[in-house]
2 protein chains.
Amino acid sequence: MITDPIDRTRFPVRDWSWTELRPSRDDMGVTETNFSVGNGYLGMRGTPAEGRETHTHGTFINGFHETWHIRHAEEAYGFAKTGQTIVLAPDSSVMKLYVDDEPLLINEADLISYERSLRFDTGQLTRDLVWRTPSGKRVKVSSRRMVSFTERHVAILSMEITLLDAEAPVVISSQVLNRQDGSDEYHVRADAMGEGFDPRKASRFTSRVLEPIIHRVGPGRRMLLGHRTMQSRMTLAVGVDHDLDFEGHAEINATTGKDSAKWVARLDARPGQTIRLTKSVAYHTSKGVPVPELADRCVRTLDRVKALGVDEIAARQRKFLDDFWSRADVEMVGQPALQQAVRWNLFQVLQASARAEQSGIPAKGVTGSGYEGHYFWDTEIYVLPFLTYTSPDTARNALRFRYQLLDDARRRAREMAQEGALFPWRTINGEEASAYYAAGTAQYHIDADIAFALCRYVEASGDDAFLLKEGAEILVETARMWADLGFWRHNGGRRFEIHGVTGPDEYTAVVNNNLFTNVMARYNLAKAAQTVRRLELTEPQAHAGLVTQLGLTDDEVAGWERAALAMYIPFDESLGIHPQDEHFLDREVWDLSETPPEKRPLLLHYHPLVIYRFQVIKQADVCMALFLQGDQFTMEEKRADFEYYDPITTGDSTLSAVVQSIVASEVGYHEMALDYFHHALYVDLADLHRNTVDGVHVASTGGLWATIVYGFAGLRDHHGTMTFDPRLPVDWAGIRFRLQLSGQTLAVTLDQDSIAFTNHGDDVIRVWVRESEVDVAGGQTRTVALDHQGDRLPGRLGNVPVVRQAQ
Amino acid sequence: MITDPIDRTRFPVRDWSWTELRPSRDDMGVTETNFSVGNGYLGMRGTPAEGRETHTHGTFINGFHETWHIRHAEEAYGFAKTGQTIVLAPDSSVMKLYVDDEPLLINEADLISYERSLRFDTGQLTRDLVWRTPSGKRVKVSSRRMVSFTERHVAILSMEITLLDAEAPVVISSQVLNRQDGSDEYHVRADAMGEGFDPRKASRFTSRVLEPIIHRVGPGRRMLLGHRTMQSRMTLAVGVDHDLDFEGHAEINATTGKDSAKWVARLDARPGQTIRLTKSVAYHTSKGVPVPELADRCVRTLDRVKALGVDEIAARQRKFLDDFWSRADVEMVGQPALQQAVRWNLFQVLQASARAEQSGIPAKGVTGSGYEGHYFWDTEIYVLPFLTYTSPDTARNALRFRYQLLDDARRRAREMAQEGALFPWRTINGEEASAYYAAGTAQYHIDADIAFALCRYVEASGDDAFLLKEGAEILVETARMWADLGFWRHNGGRRFEIHGVTGPDEYTAVVNNNLFTNVMARYNLAKAAQTVRRLELTEPQAHAGLVTQLGLTDDEVAGWERAALAMYIPFDESLGIHPQDEHFLDREVWDLSETPPEKRPLLLHYHPLVIYRFQVIKQADVCMALFLQGDQFTMEEKRADFEYYDPITTGDSTLSAVVQSIVASEVGYHEMALDYFHHALYVDLADLHRNTVDGVHVASTGGLWATIVYGFAGLRDHHGTMTFDPRLPVDWAGIRFRLQLSGQTLAVTLDQDSIAFTNHGDDVIRVWVRESEVDVAGGQTRTVALDHQGDRLPGRLGNVPVVRQAQ
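Residues numbered from 1 in each chain as written. Chains lettered and ligands numbered in written order. Predicted model: local features only at pLDDT ≥ 70, side-chain atom pairs only at ≥ 80, totals over all residues. Heavy atoms only, no water.

Q: Got a minute to help me understand the packing of helix 11 (residues 464-485) of chain B against helix 12 (residues 515-538) of chain B in this structure?
A: Residue and element names in this part refer to chain B. Running from amino to carboxyl end, helix 11 crosses helix 12 at an angle of 130 degrees, the nearest separation of the two axes being 9 Å. One way to sum up the angle between helix 11 and helix 12 is to call them oblique. In this structure, the crossing between helix 11 and helix 12 has a hand that is left-handed. Seen from helix 11, the contacting residues are Asp 464, Leu 467, Leu 468, Ala 472, Leu 475, Val 476, Thr 478, Ala 479, Trp 482 and Ala 483; seen from helix 12, they are Thr 517, Ala 521, Asn 524, Leu 525, Lys 527, Ala 528, Thr 531, Val 532, Arg 534 and Leu 535. (Axes fitted to C-alpha atoms, helices over the stretch in contact; angles between N-to-C directions. Helix = DSSP H or I, 4+ residues; strand = E, 2+ residues; numbered from the N terminus. Parallel < 35°, antiparallel > 145°, perpendicular 65-115°, else oblique. Left-handed = near helix turned anticlockwise from the far one by under 90°. Contact = heavy atoms within 4.5 Å.)

Have a look at this one:
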């Protein structure tokens, strides 16, 4: 059991920040990730402004990627062709400081004091330190770094330097560096750290990626750099303004080269005097707009920043975050340590998504290059629940992004010999990029995941306009894919089966009738049919549009209904459980208790063929179905399934713990629910999966919200009906959170003996608490007494019977 | 139905040659393959000596390969790491001819006569033509090309030129060219032919492969070239002697460069005078011997050739082939066209295997670079039956080669988390090279295929020495692999199951309890146990060796026996057939009658996921089990299985038709048996699979022998018992062939109403004809009357019921 795996002498508990009191070489990569700042468009890892010793530099622009031809060792028809890899955007975080010509190097400096905080309230990364230079002079250095939520393209970095003891020459060298091509430090570093093979990482490029197009110094020493990616032909420009506040002799020089821009100030500083340097940075990127035009946009953005002033931008940042937390905060009554970690997680979801807009939400947000910056189902299933109920506009953007990929998905379906649309398992540009199809393209469930998230969004937000314009088309095309992928099997009865797919669990691949896939496909088919039927009655024009544009027929819709009704849901009578797939239970059971830690995660120590041969699970699969399609299963089934699958679940994916926690809560394994919650809570903060260096596990941060709201508060929202069946952990005093429902705010307060709802809007909001209907009128609070928090089953699950341990 | 798909005006029927009367640009790649000469070590495609316009140059040394790091688009533990690709050896076939400075270009020349023959009796490629030069002079040119069977490292090429009309200056430019690096003609050509993507081809190298080490002209203008491969560090030397027989003025010049050697003669030729040039070539290769030493070997080989004289080498070639045909010929009574094609096929097996010796037998022999020169199960299952019964020493070499790979196979088993040894699915150097594991490494059956071929060889040859020294060790280590791979499943009864493997059919991948795999594994386990038990009684010393060296215990052997007895053999009662794998029949049926020709072969037009989802078969799988383990099935089962599977078998692999023919013969579909036989017979001669350009389908050429001997003559040799249950096709007068049995020759004569056996040895040979035991004493002939040739079922099979056609 994990309770608090954090070294509190170094990372103290704070309400509104993640704070470090001591730098360390030991976990540089982890802290770089965990102190990242970003807005979903632009992200900067928490590398020190002074550079030099870092684990992995990284400034990322969501979706700014290079493409490469995927050369399969053995080629086959339909294999993914275009590799897509996020690249390092020119790094503007560099601000090197020299006093008496001695550089400040965080990991070597004699630091009298040091404190670094990622502030959830102000949206700033702050660092305050006092440095004793080699010659014994004390220097106070305060740095601030912010990626603006309100100005999508803007980052503001500042540094205040005060000599405390004696005068000294001070040099500040502020730079922009193309690190993608300028040095191989990036990859060499990872190798040098002695890290072995890990397929989840990528190191793709051996030749130049960013072609230099322009570089210039403009009026006011404004510096501009512009590049274009060699293959994908994406364009990028970055512009930088410097504002130096210093009275005294200063010599300033600004130069640019193909791959760098340097602004250097040489100052004669006196003690007590504060030198203030503010660096305003603007990034613009595009799929094809010429670089000079992007440079012009940078100029306009920087002009606006200048006009507003950085203080105003900081104030807007604060306001933006006040709004965010007023909707999204989850209060952990009386538990400051958990509170801090919960807020860190929620803040990460925000940083990954807030201004993603025309892009998807990468698996690592904008904090690292893990998974090559790709978009997965993580968005729809792990991130969108939180966004749907706290920032519905952001949720809408993410779904609109999928709609923009619909034509690509149609093409991919054709290539895969299917009708309708098949969304790519992983992508940036809309093309399938999963080069290992068994755990990639075979995950057809991505279609249903999108349909599911879409329906939930529409039900929660009441955004019918989205349903009419984009939603219905996605539903139709995904339903078509399912109707075509499955087939009618005549063995006694007629049933609809789906073969040759992979469910969420990537330790089991290419199977028949994966439970998760089948229940989600059934949902997709039924929802599509229902939507079309409803539009026919209520929105004849929209319906006519579908008929004309998509060639939709009544027969086709009826076919979806028949397929949904006849969908095969395998059930094993003897064990009383749902097989993960039709033949899952035929497999030999892998006894995880016999697999030593050095053989974990399995994927790094066993050939896929070996793993696939056993009953062993990477991540929640049936368990995920029990959650997402919970109204399709009885409590008895859920408990039996959970008891069977949990002991063979490795949790080798961070997508697992949050779902296991939710279902453990529901079926009564309250201690396990808490274990999994803690695991998810600290997965990055304590680097529990040992790969936080590659970026934040964004799905887990989103899922964490779900463990609280769906898990402990027991929310279920099937078909838009909001029910609560709470499971507050034994030792918790209470939790408070808010939900956005049809544009209104519903505040929820859960304690051990009651749950209360406050409607901050005007219209009645109806919820259910277990069997009771509760109507909460506008401005009203309704409190419902709770006489229990669900079943409380003792202990934790052991292992299922062992047949044999794999060699 | 295919009867004679050959254009007989161009390729006339001849008893002992494959002959071409007219060159053509249309099928250059095909004729290059079909007129290849080789001895299993050295091979030369049938490109014209004059070069210039060819489809694909190619001189190959079996096993002479370059390695490369396999970069998987998505990496995983245990994926094959080392790519291995056969490379082009320096090409010594070039002998350019100029008369009046006009080059002879076969495809453009005005040819008064032309005849090219691959001679099965002399082992020579001969070409005789009369050329009218642009200035109207007639020139007779006779070329000979031979790769010696008796001198493994030697090729002899010659050219005789006679001016028929008038004198003229004649230039002969004889060359050796490193075509691997010297020009990109090789690959450019294939692209220029408009051929699309085909995963079975490889074009790996973009940088230099052969590093030049030495080149020199020695005494007598002997030329030597030596290279080393850049990565695999294999070494090669080639030496060339020229012998010019010409009376008159001749100016000769010999030069070498890093990548070429040129011998040029300028002659003033008179009409009626014959110019004879003989080019003797020696190749030596090695895994690491320094190039200069190989060059010395070339010198010694050339000296010996010189001492022997090329006439003597030709005479020995003839003698070698006389011996071969006396053992291996299959006479097709009264059917000259079939006779010619049968001999071409058998000659190809010889050319692929005769002197392979320390190497395996590549899928394309030494006729092309298809499948990158790799060794597969083709050797054991398709080629070894023929070799075992006609050239047992060659069979022994092929099996010894596997023994040499045993340590690699042990390592690979460990990597795949298994005990014992797991042979690579495809390899040159012993390491697994199958980069697509689902149709590669997953074919664990390779272990049983090797065990099977080994046991058959020992039973047929009586070579107990091989069993004691190499065979038993292979049997033990493969049995160990199976015992460990499978597991005991407790569902009602106890049965032994094998999961997560791919059978021979590559259109169905990674399945549980593949019938073929299970019956072959059962055989492997039982034979290993039987062998150990027998050695314990009869060869205690050998047995003790196994115990000491391999740590073999009695318990372990008992475990193999139990596993073999309890091996799960799925059977579907309702259909009365064996499912290809446990869940094969759950799949949707692919209706091949609805798949247009332009969508075939399926692998070039459908993603593997699509293909795997259906009941559709690339190649004989259950059908193969019915043949190889025929004593384990009843005739009723065989017929039912054949009737079920044949209509869903695409035959997209050339490994299929021969097996389908054999089983069709057995179960009574005599017309289909003949269809499949014809298909196999002409697969390369008529380029039926449209990829003969890549080399001869060696497995099919070996399998063709099996269609006659096992199929039409009805031989079965389970556990060394030779039974005949003949199935002579209706219109055939008879067939004659010979078998080597324990060092003796048994001649078999099958006619419509009798089968006769002549024992050319001393000891009694016992065979069975159907239920009757027939003892044939040494020197004796026994004739058994036949009152039928098996059941003769009418017609051909149609398609099984259609559920739905794939899109």
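After that view of the structure, there is still more to cover.
Q: Would you explain the pattern of salt bridges in this entry?
A: Where side chains of opposite charge bring their charged atoms close, a pairing between them can arise. Taken as a whole, this structure holds 136 salt bridges over all chains when the rule is applied. Between Arg 14 of chain B and Glu 115 of chain B there is a salt bridge, with the nearest N and O atoms lying 2.8 Å from each other. With a gap of 101 residues between them, Arg 14 of chain B in the segment before strand 1 (17-20) and Glu 115 of chain B in strand 9 (residues 110-119) connect regions that are remote in the sequence. Accessibility expressed as a relative area gives 28% for Arg 14 of chain B, which makes it partly exposed. Taking the shortest distance from any N to any O, the salt bridge between Arg 716 of chain B and Glu 666 of chain B comes out at 2.8 Å. Of the two residues, Arg 716 of chain B sits in strand 25 (residues 715-716) while Glu 666 of chain B sits in helix 18 (residues 657-667), which places them 50 residues apart along the sequence. With respect to class, Arg 716 of chain B is no different from Glu 666 of chain B; both count as buried. Residues joined by salt bridges that share partners form a network here, namely Asp 407, Arg 410, Glu 473, Glu 477, Arg 480 and Glu 556 of chain A. (Salt bridge = Lys/Arg side-chain N within 4 Å of Asp/Glu carboxyl O. Buried < 20%, exposed > 50% of the residue type's maximum accessible area, 1.4 Å probe, protein only.)

Q: What should I look at first to understand the nonpolar core in this one?
A: Side chains of a nonpolar character, in soluble globular proteins, are inclined to be buried together. Membership of the largest hydrophobic core comes to 472 residues, with the highest contact counts inside it found for Phe 677 and Leu 739 of chain A together with Phe 677 and Leu 739 of chain B. Those residues in contact with Phe 677 of chain B that lie beyond four places of it in its chain are Met 332, Leu 338, Val 342, Ser 661, Leu 704, Thr 707, Ile 708, Phe 712 and Trp 732 of chain B. (Core = buried A, V, L, I, M, F, W, Y, C linked by side-chain atoms within 4.5 Å.)

Q: Just checking my understanding: could you explain helix 19 (residues 670-681) of chain B for this structure?
A: Because an α-helix completes one turn every 3.6 residues, residues spaced three or four positions apart along the sequence face the same direction. All names here are of chain B. With twelve residues, helix 19 ought to run about 16 Å at 1.5 Å a step, and its terminal C-alpha atoms sit 16 Å apart, in line with that. Burial runs high along helix 19: nine of the twelve residues are buried. Buried within helix 19 we find Met 672, Ala 673, Leu 674, Asp 675, Tyr 676, Phe 677, His 678, Ala 680 and Leu 681. (Expected span 1.5 Å × (residues − 1).)

Q: Quick question: what am I supposed to make of the confidence of the model for chain A here?
A: As a note on interpretation, predicted positions should not be read in detail where pLDDT is low. All names here are of chain A. Confidence in the prediction for chain A averages 94 pLDDT; 95% of positions are at 70 or higher. Segment residues 184-202 is flagged for pLDDT under 50; beyond a separation of four residues in sequence, or across chains, it makes 33 contacts in the model. Confidence drops under a pLDDT of 50 for residues 799-807, and excluding neighbours within four residues, the segment shows 28 contacts in the predicted structure. Predicted complex, confidence summary: ipTM 0.91, pTM 0.93. (pLDDT = per-residue confidence, 0-100.)

Q: Teacher, can you tell me more about unusual backbone geometry here?
A: Phi is mostly negative for residues that are not glycine, and the peptide bonds are mostly trans. Of note, the bond from Arg 600 of chain A into Pro 601 of chain A is cis; its omega dihedral lies within 30 degrees of zero at -10 degrees. Here Pro 601 of chain A shows up in the loop between strand 23 (588-589) and helix 15 (608-612). Although it is not a glycine, Arg 770 of chain A adopts a positive phi angle of roughly 50 degrees. With respect to the secondary-structure elements, Arg 770 of chain A resides in the loop between strand 30 (765-769) and strand 31 (772-776). Although it is not a glycine, Glu 372 of chain B adopts a positive phi angle of roughly 60 degrees. Secondary-structure assignment places Glu 372 of chain B in the loop between helix 6 (336-353) and helix 7 (378-390). By relative accessible area, Glu 372 of chain B is classed as buried at 8%.

Q: Honestly, the relation of the copies chain A and chain B in this entry has me stumped. Any pointers?
A: Both copies of the chain are placed relative to one another by a rotation about an axis and a shift along it. Each copy superposes on the other: chain A lies on chain B with an RMSD of 0.0 Å after a rotation of 180 degrees and an axial shift of 0.0 Å. The transformation just described matches what one would write down for a two-fold rotation axis. When C-alpha distances to the rotation axis are compared across chain A, the minimum falls at His 72 of chain A, with a value of 3.1 Å. (Least-squares fit on C-alpha atoms with pLDDT ≥ 70 in both.)

Q: Any chance you could explain the environment of Met 520 of chain A here in plain terms?
A: All names here are of chain A. The topology assignment puts Met 520 in helix 12 (residues 515-538). Residue Met 520 is classed as buried on the basis of its relative accessible area of 0%. Separated by 72 residues in the primary sequence, Met 520 and Ala 448 have C-alpha atoms spaced 5.6 Å apart. Setting aside residues no more than four positions away along its own chain, Met 520 makes contact with Ala 448, Asp 449, Phe 452, Leu 628 and Gln 629.

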